[in-house]
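Secondary and tertiary structure notes
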Amino acid sequence: MDKKVEKNQSEVGGRMKTLRLKQGMTQSELAKEFSYTSQNISQIENGRINPSVDVLKVYSEYFHVSIDFLLNGENFHSELKASGIEGDLDVIQKTVTHIKEKLRSKDCLQNERSAC
């Protein structure tokens, strides 16, 4: 096999493995979620086999990344960073988190839960 193809295959598998690990999932858990075998997940992650288009689609939908990211390492977040929008999204995310915390504490006060 061509060294360039092997390297790309390994990089694709590495990105797929990183996504799984960021979710705190084992290969067995992911295999069960996708109705695959853990051996198949292992072979993809270790660059021994190329993922099919169907596998790439399932991964991209499940992990909310583009197929382009899986194949090339380019993703939407790098595009956001380049456009300057990423900072705005960070502020929005922090605001949403703050609102959720306020709602939880309000709910705790209304219900007088000691476990809150």
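Residues numbered from 1 in each chain as written. Predicted model: local features only at pLDDT ≥ 70, side-chain atom pairs only at ≥ 80, totals over all residues. Heavy atoms only, no water.

Examining the overall build of the protein chain
Under the convention used in this document: Secondary structure follows DSSP: runs of H or I at least 4 residues long count as helices, runs of E at least 2 residues long count as strands, and numbering of each begins at the N terminus. Any residue under 20% of the maximum accessible area for its type is buried, any over 50% is exposed, and the rest in between are partly exposed; the area is computed with a 1.4 Å probe on protein chains only. Every residue pair with non-hydrogen atoms within 4.5 Å of one another is taken to be in contact. Under the convention used here, a 1.4 Å probe and the Shrake-Rupley method define accessible areas, while residue burial counts only the protein chains that appear.
Per the secondary structure count, the protein chain includes 7 helices and 0 strands. The N-to-C order of helical and strand elements in the protein chain reads α-α-α-α-α-α-α. With 116 residues in all, the protein chain has 23% of them scored as buried. Put simply, 51% of the contacts in the protein chain that link residues at least 6 apart link residues at least 24 apart. On the protein chain, roughly 8500 Å² of surface is accessible, and the fraction owed to carbon and sulfur atoms is 52%.

What to know about unusual backbone geometry
Among all residues save glycine, negative phi is the norm, and among peptide bonds the norm is trans. Phi is positive for Ser35, close to 60 degrees, though the residue is something other than glycine. On the secondary structure map, Ser35 appears in the loop between α2 (27–34) and α3 (38–45). Ser35 sits in the exposed class, given a relative accessible area of 66%. You will see that His64, though not glycine, has its phi angle at about 55 degrees, which is positive. By secondary structure assignment, the location of His64 is in the loop between α4 (53–63) and α5 (67–72).

A closer look at the nonpolar core
Where a protein is soluble and globular, its nonpolar side chains tend to be buried together. Quick reminder of the rule: Definition of nonpolar core: a set of buried residues of the types Ala, Val, Leu, Ile, Met, Phe, Trp, Tyr and Cys, connected through side-chain atoms within 4.5 Å.
Counting residues in hydrophobic clusters, the biggest one holds 16 residues, and the most contacted among them are Met16, Leu19, Leu30, Tyr59, Phe63, Val65 and Leu70. Elements that contribute at least two residues to this core include exactly α1 (3–22), α2, α3, α4 and α5.

Considering α2
This is how the line gets drawn: What the arc describes is the spread of directions from the helix axis to the C-beta atoms.
Those residues of α2 that fall on the buried side of the exposure criterion are Leu30, Ala31 and Phe34. Down the axis of α2, the buried side of the element spans an arc of 100 degrees, and every buried residue falls inside it. Following α2 by one or two positions, Ser35 has its phi on the positive side, about 60 degrees.

Some words on α3
Within α3, the full set of buried residues consists of Ile41, Ser42, Ile44 and Glu45. Looking straight down α3, one finds its buried side chains confined to an arc of 165 degrees; they lie on one side. Note on α3: the residue one or two positions beyond its end, Gly47, has a positive phi of about 75 degrees.

Comments concerning the pattern of salt bridges
This is how the line gets drawn: By definition here, a salt bridge exists when the distance from a side-chain nitrogen of Lys or Arg to a carboxyl oxygen of Asp or Glu is within 4 Å.
What the rule picks out here adds up to 1 salt bridge. Between Glu45 and Arg20 there is a salt bridge, with its nearest N and O atoms 2.6 Å apart. One end of the pair, Glu45, is in helix α3; the other, Arg20, is in helix α1, with 25 residues separating them in the sequence. Arg20 shares its class with Glu45; the two are buried.

Quick word on the packing of α2 against α3
Short version of the rule: Every angle, taken between N-to-C directions, lies between 0 and 180 degrees, and every axis is a line fitted to C-alpha atoms, over only the stretch in contact when it is a helix. An angle below 35 degrees is treated as roughly parallel, one above 145 as roughly antiparallel, one from 65 to 115 as roughly perpendicular, and anything else as oblique. Helix crossings get a hand from a simple test, with the near helix turned counterclockwise from the far one by less than a right angle marking a left-handed crossing and a clockwise turn marking a right-handed one.
Where α2 meets α3, the closest approach of the two axes is 8 Å, and the angle between their N-to-C directions is 110 degrees. Accordingly, the angle class assigned to the pair α2 and α3 is roughly perpendicular. Our pair here, α2 against α3, has a crossing hand that is right-handed. Residues Gln27, Ser28, Leu30 and Ala31 of α2 pack against Ser38, Ile41, Ser42 and Glu45 of α3.

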